[in-house]
Each structure stands twice: as structure tokens, then as C-alpha cells.
Amino acid sequence: MNVDVAVPLPLPGLLTYSVPEGLEALAGNGVRVRVRVGKRRLIGVVVAEDVRAPEGVKTRPIDAVLDVDPILTRDLLALARQTADYYLAPIGEVVRSMVPSDLPHWGDQKVWLSESALMLPPGSSEETAIIEHLTSRGRVKMTDLVRDLCLPDAPAVIASLRESGRIQVRQGRRDGGRFQTAVELAKGDRSDLLERCGRSKQGREVVEFLAELSRPATVSEVCESIGCGPSVVRRLASLGVLLRFTQIAKLPLARHRLSSGPSEPISLRLDQAAAADALLEALMIDEYKTFLLAGITGSGKTEVYLRAVDRVFEQGGSAIILVPEIALVPALAGATRSRYGSATALLHSALSKSERHQEWERIRSGEARVVVGPRSAVFAPVENLKLIIVDEEQDPSYKQDHVPRYHGRDLAILRAHCCGSIAVLVSATPSLETRHNGKIGKFEALSLTRRVGKAELPEGVLVDLRSEAPPSRPGEVHFTDPLKELIASTLDAGDQAILLRNRRGYSPVLLCRACGHDFRCDDCGLPRTYHLKDKRLCCHYCGAVESAPGVCTECNEDALEAIGAGTERVEERFQELFPGVPVGVLDRDTSRRGLATAVLETFGRGDSRVLIGTQMVSKGHHFPGVALTAVLLADTYLGFPDFRAVEKTYNLLTQLAGRAGRGDRPGKVVIQTYHPEHYAIQAALAHDDSRFVAEEMRFRRMFHYPPFTRMVQLLLRDSDRSRAAKSMGMISRALESHPLAKGVRISGPAPAPFERLRGRWRFQLLLRHPSGNRLRSLLTSALPKSISGDLVVDVDPYELL
């Protein structure tokens, strides 16, 4: 018997292996196997059984079968094939992205006789054979035992022997046990606790982390969030900074203070009830269908789709709910936990290895039937999948920026199609592609037009920065007089505010006024961002970091000046204007340090009055106490060389505006801009969605951009600029001369907007045609087989920089 195996290498197809006698019953579709590729031993997944070996090729045998049950279901294998075909990605790398790399291997477990094995009465002939084999061989691997004895029901026989106590099996390594050590801050002022830490930077970070979290945390949670070892925690406990105690290990849901009690019943408005009824009716038919659930911010879209999840849960089916950011998981998981209890599971990269393994097994076993997570949760191994929700479907975070470059929204639709289930795309500002599919009838559109309760959309306040006095210091963020007055009145009324500045760090450039040196990254050629709190210069494209100097490293002059403003500088300026007001900061740096959930919890409780951050503050949060939101500079995206720049601007402004006025008090949104007449800004200010859509669709149609055409980006990266340009020129000529290129718009080759990143020069081609199949056929047929440099093929690209 031969099988096709997908291995985690950039190969164009599958590799065929023979299955040794005795392993045929185990080597089924969806199980992992260990195979030899060249001189390496790799772990792949069987994707096809009983295949014919290629002519004239002697197949190698697989070394081991690592699973008893398939880790990839039939629909996931179908999804893997279709994903590889659509995104022109190696199927082995697609499969690798579907499976957590740290799942333990059944086939690698060691098995041996227990001391009482020979004293128990004899069992079946299969059990006797296993006992005799172990008597002569001692400890053996599970796969070797099965292969040597050629027992078709070996896993069941081994399980029976283990239950009876005749054999012992070494389990895979587990992180933690039933009990775990937790810590909390000792009583006292934060400043006193920080002083006890001495010069320990990590010790001070632990104190800051627990202070922001405002609750106890496990030692493993602290170490993962800070990036320190347990010895740091032990030292702080010995200094009296932390109090240690032991608690029973809990699921990660408990880490987020999720309520498991019943929630108050919610009465739906007429438009909500109509949308929910449409979803419930489709679930009864039990056929594939995609819905677009669109509605203004705060209109109760979450409750509508949770009603559909309720029905799926009652029917014994499973559901997946996708969100764009890990920071949004706790709030939504709290809502699902309150309805479905421990049947809720989380899947995301911030979980520890043991937590990921635990959640994966709970899903695969059917114990958890409602899965919440970011884009990778679309691969959750659920059985009987009935419903996939894609919340905030327009968000660019759903597009993966490495191989396979899939879009989570599109794979959710594809998986629903594979399973014959329902997909629901949810957004207050749907992407233009999704709007277009709703208009042509590919998706069924459901609309919510009113906010929950008595809440109204916030009043828009436009501030024309052209008429404002320039800031007192170069690059300082604008806190204009109208904005300062509104912040003051909001705080005086006891309400909260959210301020958006879509740049992290202190300033995007640290400039020497004497010689003009701007500390560009050696590998990317772009200025490093200045982080004042950490005293460092960081390239946000390659991650290179260096300490911020006190004087210019080129001319040795004390003439360094921060140009521009990020969230750190906004926070600094805000505290100068409003001293003593508690402030939280939410950006990618906060998320990296594990503080995102803590910042949101603190703001949600009202312990901080103002939330400052990047686009992360605009996504899906429900804070009834927020009466004011403000965009300090609305023009960040408008000048980008990206056809989606205007759409991104409109979505960001509209989503941020939607955070205000969700409670009893009316809200306001302030938009500060140098382009007050721009149609995206005017539409966001007036909540005029139809105006924006009409203008932007006209632009897209005129210049042949999606949704009226399909697009593929070819990006070639090489350490040598001339070689990269030459290679991309060769690719361009090969494509243009092919018969399938007729009617295909080919733009380039040209340097990418960010021409050099991570030490490599970048050249790109853009291909556009109404048929995506035509583009894929052209690339499959015409791309040269041998290309100097690293070629990236991005189907349906989202970032063109």
C-alpha cells in the first residue's frame, strides 16, 4: 500500500511512500507520519491512501505512524487541497499551518510491562502476543510494537491492556499538573514595591504587569508575558514584593475572568429578530449558504449571531467564531462561556503549549463545540460543523502575511462550503468585496439599522488642522482647543474617552538637527521608531533594536529631536494637559508584553478614564461609559500608495466613532484632519455609508481594482538589487509573452514602495484580470522554473507596500 504525504517543505506536490506491513490499518488519511526526505526525517500528514507510485520510482517506507486517530478531518483535508490550489501555495506548508506543532505523538510513546502483568490471568490471543513481545523486548515504541506484531486492532488491544494494568505507557511531556503556583502583589504602594526590586528590569516589569492586571496570575502566565524565568518570580517573593500560593489548574478561560453564570435574557428588536430568523431558517435547511450581517456600530449584531449559535448548540452541532485580534477573544469568549459553559474553547497563539494541546484535544474529542479565536481558528478540528462566524470581516488582520497567504474570511466561506454549513460575515463597515458579493446575490444581506436601547450614533465634530496654530514643538501631536474642551467636559461628567493615534512608540523619527542623521535601519533603509520609555530605537519592519543614544552618533552633537508622535508621546502630552487622570495605552507593544487584556479590563471597570492607542482601540469593544472618541490625525493612511488606503481610513474612523455613545449618554467623535473635504472623512463624520460606497466603488471600477477584478502580487526579494531587478524583468517578459496573458493587466516590474526590507531588495509585479482562474493558470504555466531570489506569490493581496 502507498500513501501520499504532505511534508512541511516548499515542494510543488505530494511525496509518495510505501506503508510497511502491520501499519496499514493506522496509516489513514489525516494522521501524521514520520518519513525520510533526503537525509532528513520530517513529520508529514497522509492526505491520500491507496495511491499508485510514480512510474520508475522506488518508494521509501514510512518510518512511523504517530496518531491513532486522524488529526485532520475529511473537510479539513479538502480545505487544505483547495487552499493550496487557490493561493498557489505548497500543500505541505498549508497542512503545517493547520496543525499545532507541539501536539504529542502517540506513535512515539514508550510501552512496557507492568510488574503485575504476568500474575494476571491470560487474555485474548492478541493480548498474549503483545505481552510475549514486551517480555522479550522490554520497552519499545508504540509504532514499533504495532508494526512488529501486525495487529490490525493494536490500538484498541493496547488500550485494554493498559486499563487492566498489564502494561504501562509513558505519556507525552505535560506542562504543569493539577496544581499550579500563582502570585499576586504584596500590599503597599506600587512605588515601594518597585523600589524593592532594585535594578532588576524584569522584576520591575513583573510588578507593572500585575499592577495593570489587577488580579493574581500563575507563574507561567507571568513568565510568558514578561519573558523571564521562574527565578525572577522566586526572588521577588523572597523580597516580599510578591505573595505566592497554590491553586488548582484551570482552563485559560478562567484567566480572563469569564463568567459561567446565566445572563439576563435579551429582547430582540424587529430588525434583529428578522435577521436571527433568517439564520435559523437556513440552519434548518442544513445546506451551504453565506450571509452578510451588516449593521451600524452598537446595533446588536453579536446577539443576533449568538442566537444562531444557540440553535447549533441545541442541535448537537459545532460552531467557530473568528475575531481579528487576540485582544478581542476574552470578551467574546466570556459571552459564549456564559451561554455554553465549558463547551467553549479558545484557540490562539498566546496560549501556552499545554493550553493549546488541551483545547485542541477538547475540540477534537467533541467536548468543546464552540470555538473562539483569530484567523487560525478556522482550522479547528470540530466535528459536525454547522456554523462559522467571521466578526469584523473587513479587518486586514484576517490576511496572513506569510505562506500560505490565506484570508481567514475567505477560508471560512470555503470551509463552510466543504461542510455544507452556514457562514456569516459580520461588520459595521463590510469590505467592498463583501458588499459587492451581497449586491450581486452571492451572499444574502441582512441589515441592522438602529442601536441597542436608546443609544444613538455619536455626533461628529470636524477639526480642520489647516486653520489651527502649529504645535509648539516640531512633530508634537495636536491637542486642539476644541478637543481639549471636549475631553475636559467628558471627564467632568464622569465619562470615559478613547484617543486614537495610529503610530506606536514615542516618535517615528529621531533626528539630529545638526547633521540630519535619522538612525535608519541598516537592513531596511527606513528610520527606526524612537521608544522613550525603553530608551531604544526599533525598526518595526525587521525588529532590529538598538539603544537610543544621548548624543548624535555621527557628529557627536547634543542636537537630537523626536519628530512626529506615537502613542507614548500622546500619553505624555495628555498627562501634561490633564494631570492625575488615569490612562491606559493599547498598541502592539502593549500586546507584546502581555498587557492588552489587563489594559482592557482596567478600562472596562472604569479604573482608567482614558484609553490611548492605535487601531486596536477601534475594534469591537463595548464600553458603555465612553462618551467621546477622537482621531488625533485622520490622514495617516490617505497618502499611502495602496488602492485600499481610503477604505482603511473610512473603516477606521467609522469603527472608532462606534465606540462612543453606546450607553445612556449621547456620544461625540472628533476627527482632526488636514483634508476635511475628503469624501471618506465627510462620510464617516455624517455616518453616510452609502456616500462612501458609491464614491469608492466608482474609483475601483474606473481603475480596475477589486472587487471588479482579481489581483495577484508577485514580489521578488534578493540581497543584490541589480539581480533582483533582472530576475523580475525575466519574470515579466515570460508572463507577457504567454498566450494566457491576453487581457491581463500587468503593472511593473517596479521597486516596491518599501524597496528594501530586512536586508533584501524588493521588486514587484501586479497582475489584474476579471477571472482569478485565468491569473492562476497564467502563473502556473508561465512562471520560470528557476528564479534567482525569493519569489512571493500573493493571491488577493491586502498590503502592497
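In this report, we go over the structure that sits alongside the text. (Residues numbered from 1 in each chain as written. Predicted model: local features only at pLDDT ≥ 70, side-chain atom pairs only at ≥ 80, totals over all residues. Heavy atoms only, no water.)

Before going further, it helps to spend a moment on helix 21 (residues 645-657). Counted at 1.5 Å a residue, the expected span for helix 21 with its 13 residues is 18 Å, and the 18 Å between its end C-alpha atoms agrees. Where burial is concerned, most of helix 21 is hidden: 13 out of the 13 residues are buried. (Helix = DSSP H or I, 4+ residues; strand = E, 2+ residues; numbered from the N terminus. Expected span 1.5 Å × (residues − 1). Buried < 20%, exposed > 50% of the residue type's maximum accessible area, 1.4 Å probe, protein only.)

A word on the sheet that holds strand 7 (residues 140-141). Spatially, 7-6-8 is the arrangement adopted by the three strands of the open sheet, whose pairing is antiparallel. Both outer strands of the open sheet, strand 7 and strand 8 (167-169), are each paired with one neighbouring strand and no more. Here strand 6 (residues 110-113) runs beside strand 8; their pairing, made up of three bridges, is antiparallel. Its bridge partner lying in strand 8, L113 is registered against I167. Taken strand by strand, helix 3 (residues 125-137) contacts strand 6, strand 7 and strand 8, and its axis lies near 95 degrees from that of strand 6. (Pairing = 2+ DSSP bridges. Contact = heavy atoms within 4.5 Å. Axes fitted to C-alpha atoms, helices over the stretch in contact; angles between N-to-C directions.)

To continue, consider the nonpolar core. Grouped together as the largest cluster of nonpolar side chains are 64 residues, with contacts concentrated most on L72, L714, L735 and L767. Per-element tally for this core: the top contributor is helix 1 (residues 74-87), with six residues. Among the nonpolar cores identified, the runner-up in size contains 58 residues, and C228, L595, M616 and I681 belong to it. (Core = buried A, V, L, I, M, F, W, Y, C linked by side-chain atoms within 4.5 Å.)

The N-to-C vectors of helix 11 (residues 270-285) and helix 12 (residues 301-314) enclose an angle of 30 degrees; their axes lie 9 Å apart at closest approach. The angle between helix 11 and helix 12 places the two elements in the roughly parallel class. Here helix 11 runs over helix 12; the crossing is right-handed. Residues Q272, A275, A276, L279, L280, L283 and M284 of helix 11 lie in contact with helix 12, whose contacting residues are E303, V304, Y305, R307, A308, R311 and V312. For the contact of helix 11 with helix 12, the class distribution of residues is 10 nonpolar, one polar and three charged. (Parallel < 35°, antiparallel > 145°, perpendicular 65-115°, else oblique. Left-handed = near helix turned anticlockwise from the far one by under 90°. Nonpolar A, V, L, I, M, F, W, Y, C, P; charged D, E, K, R; others polar.)

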